[in-house]
Amino acid sequence: MAMKSYQNQAQLLVKNYLFADTYIPYTSILGGILACKAVYRVFALINMFIYILESQALVSLLYMLLLVPQAYDLTQLISRSYCKTYGGLTKIQRLEWNNRGISTVHAVFISALSLYLVFGSKLFSDELAGLLVFRSSPLSTFGLGVSVGYFLSDLGMILWLYPSLGGIEYVIHHTLSGIAVAYSMFTGEAQLYTYMVLISEVTTPEINIRWYLDTAGMKRSTAYIINGVVIFLAWLIARVLLFGYMFYHVYLHYTQVIKMHAFGYMLVFGVPYVLAIMNLMWFGKIIKGVVKVLTKRQ
């Protein structure tokens, strides 16, 4: 009975008010607004799913997050099969061994792509029309998404096993790098300068090889000496001189950089500045290491 009473009252309300002649114009306007809002939400939801499926940024980010565990397992499988040293490592050493394999794969990929986009392609050329600080492409966005996925995965490993895989300097490096790369990926701003900084990843394989040689007990080998010299040269070019070139490039194109959003503007100056200081500190240690090894050799 109660339900029947509510139904009668609802019908009376609709008949006497909503569909009454004097209220029809207003009711129709309200109904149109609500219908448009409902349709808008439906299309917004559909567009969101389409964006997720088609977005280079999210697809590449998901791709890297899924790829990291596979690369970890592949590194473990290869090391067990072809490296005798691997079997005698501790659990933490094995984790770091596998983790460095992942970072090497990422470094080779992103440094090669960065060199191509910055120096090999015309995407960021001054010859093209438009502001270069707002230029991007599906390939450049995809590459940044892969790096964001790597930084998230590696930062998670570092924090999980802290400080076994690296101290606070690695946490700062990965956090700043991840934020800057993610911002550039999602907004399309300053991708040129992001890739200039990512060229520095070219030094990562040499650093990892040095750790492998050290762990395998080959510190006195010729390969270890050569590796130290290569690290010195690569670090000098990619993490010292190239950062200086990047700051000079920003200075020359400051009228474009200032047109970026405030957060992006701060990232362009803040993140490379902090990373440059860290690079110089590490470079000082590298110089001391090279001098020490060469002195012992003599």
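Residues numbered from 1 in each chain as written. Predicted model: local features only at pLDDT ≥ 70, side-chain atom pairs only at ≥ 80, totals over all residues. Heavy atoms only, no water.

(A) Spatial organisation of helix H6 (residues 168-187). Counted at 1.5 Å a residue, the expected span for H6 with its 20 residues is 28 Å, and the 28 Å between its end C-alpha atoms agrees. Taken together, the buried positions of H6 are occupied by Val171, His173, His174, Ser177, Gly178, Ala180, Val181, Ala182, Tyr183, Ser184 and Met185. Glycine 188 occupies a position one or two residues after H6 and carries a positive phi of about 80°. (Helix = DSSP H or I, 4+ residues; strand = E, 2+ residues; numbered from the N terminus. Expected span 1.5 Å × (residues − 1). Buried < 20%, exposed > 50% of the residue type's maximum accessible area, 1.4 Å probe, protein only.)

(B) Structural view of the nonpolar core. In this structure, Leu192, Tyr193, Tyr195, Leu198, Val257 and Val268 are the most contacted members of the largest nonpolar core, which totals 44 residues. Looking at this core, the elements with two or more residues in it are helix H4 (91-120), helix H5 (138-160), H6, helix H7 (191-198), helix H9 (222-252) and helix H11 (262-297). When residues in this core are grouped by element, the largest group, 10 residues, is from H11. Counting residues in hydrophobic clusters, the runner-up holds seven residues, among them Leu155, Met157, Ile158 and Leu165. (Core = buried A, V, L, I, M, F, W, Y, C linked by side-chain atoms within 4.5 Å.)

(C) Region of the structure containing the layout of surface pockets. Reported here for the largest pocket is a volume of approximately 1300 Å³. Contributing to the lining of the largest pocket are 39 residues, with Tyr170, Ile207, Arg210, Trp211 and Ile231 lying nearest its centre. Those elements giving two or more residues to the lining of the largest pocket turn out to be H4, H5, H6, helix H8 (204-215), H9 and H11. Sort the elements by how many residues they give to the lining of the largest pocket and H11 lands first, with 10 residues. (1 Å grid on protein atoms, 1.4 Å probe; cavity = no way out; pocket = protein on both sides within 12 Å on 5 of 7 lines; lining within 4 Å. Points joined across faces, edges and corners; volume = space filled by probe spheres on them.)

(D) Broad picture of the side chain of aspartate 154. Mapped onto the fold, aspartate 154 is located in helix H5. We note that aspartate 154 is buried and unpaired, the nearest opposite charge coming from arginine 100 at a distance of 8.9 Å. Excluding its chain neighbours within four sequence positions, the residues that come into contact with aspartate 154 are Asn99 and His174. (Lys, Arg positive; Asp, Glu negative; His and termini not counted. Salt bridge = Lys/Arg side-chain N within 4 Å of Asp/Glu carboxyl O. Contact = heavy atoms within 4.5 Å.)

(E) Highlighting the environment of isoleucine 286. Positionally, isoleucine 286 belongs in helix H11. Here the alpha-carbon distance between isoleucine 286 and phenylalanine 232, two residues 54 residues apart in the chain, equals 6.6 Å. For isoleucine 286, the residues in contact, after removing those within four places along its chain, are Ile231, Phe232 and Trp235.

(F) Fine view of unusual backbone geometry. With an omega of 0°, the peptide bond between tyrosine 162 and proline 163 qualifies as cis. If you trace the backbone, proline 163 turns up in the loop between H5 and H6. Residues other than glycine seldom take positive phi values, yet alanine 190 does so here, at roughly 55°. Assignment of secondary structure puts alanine 190 in the loop between H6 and H7.

(G) Looking closely at the side chain of arginine 239. Its location among the elements puts arginine 239 in helix H9. Within the local environment of arginine 239, its side chain forms a polar contact with the backbone oxygen of serine 200, the two atoms lying 3.3 Å apart. Among the polar contacts listed, one links the side chain of arginine 239 to the side chain of threonine 203, at a separation of 2.7 Å. Contact partners of arginine 239, with chain neighbours within four places excluded, come to His173, Ser200, Glu201, Thr203, Thr204, Ala234 and Asn279. (Polar contact = N/O pair within 3.5 Å; in protein donor to acceptor, adjacent residues only side chain to side chain.)

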